[in-house]
Amino acid sequence: MLQGRNFLSIEEFTSDEINQIFALAIKLKDLTKREIKHRLLEGKTIAMIFQKPSNRTRLSFEVGISQLGASAITVRNDEIQMGGREPIQDVARTISRYVDGVVIRANSHKDIEQFAKFASVPVINGLSDESHPCQAMADLLTIYEHKKALRGKKLVYIGDGNNVCYSLVQLANILGLKTVVSCPKGYEPLNWNVEGICKTEIVYDPIEAAHEADVIYTDVWTSMGQEEEREKRLREFSNYTIDNKIMKSAKTDAIFMHCLPAHRGEEVSGEVFESGQSVVFDQAENRLHAQKAILALVIEGAIVF
């Protein structure tokens, strides 16, 4: 049962629960394409708190909330100064009295956990420094659409073992994909070698890692809040650019993925980004459908059409 649950980290969910979300996401995407209304959250109100800038997260959630028949209220961090002007637990208990769910894009994962501890409505992680579970859901939905299966597929993430990487390999492992991460030493994903948390293979040579891959995935080398490390990271990741050489090591029908925004010429060449193997904008679109399914299930529960 997903109703009333928070959606903070992938490891909190079973494969059956994840598949329930996927099934609804596929249904809602079909209804959207056929322009059939699906106002599953009619009359509900969702608050969205953003401590970090956002493009896809804010737009996909706001559009999705509207399509589900609910209202979205966006709150900027400078307006509430959560944890500064007012304690997180007080903000959580107050906002819970007004709305039916909360989406938070936060600097610290611990802040989201603190908020969820005191909130009395479902809380959804729209991105934190540790994880990005909604992005991972959209990513695996995209892989399924293009590969017609998940179990047994080889997913290779090349680049910084950041929050996106962490959630991606967590979810892929739960659903039976083979996961490989290729990065410079010292940039492995959080808890990558802890059994049952983020178990994946680390291959430091990106060409070797990409061998016979079904999916090649990357993200920016320098995330928000790491700007002072940019020059150092550019040097240390210089051999990890996804280019045609790396793509040729993968299967001929491999797809290229990126959660965006992308820095052409750094983590990916412009040629690969714009190639026929690139599905980055399918990923971006699927944020909408995956998040609608998450919202509907954690707020309303069982959905019957």
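## Digging into the sheet that holds strand β3 (residues 101-105)
An order of β2-β1-β3-β4 is seen for the 4 strands of this open sheet, with the pairing classed as parallel. The open sheet terminates on both sides in strands that have one partner only, identified here as β2 (71-76) and β4 (123-127). Here the average twist between neighbouring strands, direction ignored, is 20 degrees. Judged from the 4 bridges that link them, β3 and β4 form a sheet pairing that is parallel. Paired with R105 across the two strands is L127, which belongs to β4. Where helix α2 (residues 56-67) meets the sheet, it contacts β1 (45-50), β2, β3 and β4, and its direction lies at approximately 175 degrees from that of β1.

## Observations concerning the packing of helix α4 (residues 88-96) against helix α5 (residues 109-118)
In contact at an axis separation of 8 Å, α4 and α5 are set at 50 degrees when each is read in the N-to-C sense. As judged from the angle between their axes, α4 and α5 are oblique. Seen along the crossing, α4 lies across α5 with a hand that is right-handed. Contacts between α4 and α5 pair I88, Q89, V91, A92, R93 and I95 from the former with D111, Q114, F115 and F118 from the latter. Grouping the constituent residues of the contact of α4 with α5 by class yields 6 nonpolar, 2 polar and 2 charged.

## Notes on the sheet that holds strand β7 (residues 201-202)
Across the sheet, 5 strands lie side by side as β7-β6-β5-β8-β9; this open sheet has parallel pairing. Strands at the two margins of the open sheet, each flanked by one partner only, are β7 and β9 (255-258). As defined by bridge partners, strand β8 (residues 215-218) adjoins β9 across 4 bridges and the pair is classed as parallel. By the bridge assignment, V215 is partnered in β9 with I255. Lying on the sheet, helix α6 (residues 133-147) is in contact with β5 (154-158), β8 and β9; it crosses β9 at an angle near 165 degrees. Most of the contacts of helix α12 (residues 280-299) go to β9, to which it runs at about 50 degrees, and overall it touches β8 and β9.

Cut-off values and rules
Residue indices follow the written sequence of each chain, beginning from 1 at its first position. Given that the model is predicted, a residue must reach a pLDDT of at least 70 before its local features are reported, and side-chain atom pairs must reach 80 or more before they are shown or counted; all residues, however, enter totals for whole chains, interfaces and linings. By convention in this description, side-chain values take in all heavy atoms of the structure and omit both hydrogens and water. Two strands make a pair as long as DSSP finds a minimum of two bridges between them. The helix and strand labels rest on DSSP assignments: H or I over at least four residues marks a helix, E over at least two residues marks a strand, and numbering proceeds from the N terminus. Where helices are involved, their axes are fitted lines through C-alpha atoms of the stretch in contact, as for all axes, and angles between N-to-C directions lie from 0 to 180°. Here, two residues are considered to be in contact whenever any of their heavy atoms come within 4.5 Å of each other. Any angle that is under 35 degrees is reported as roughly parallel, and any over 145 degrees as roughly antiparallel; angles of 65 to 115 degrees are reported as roughly perpendicular and all others as oblique. By the definition used in this description, the sense in which the near helix is turned from the far one sets the handedness, with an anticlockwise turn below a right angle giving left-handed and a clockwise turn giving right-handed. Gly is placed with the polar residues, together with every amino acid not listed as nonpolar (Ala, Val, Leu, Ile, Met, Phe, Trp, Tyr, Cys and Pro) or charged (Asp, Glu, Lys and Arg).

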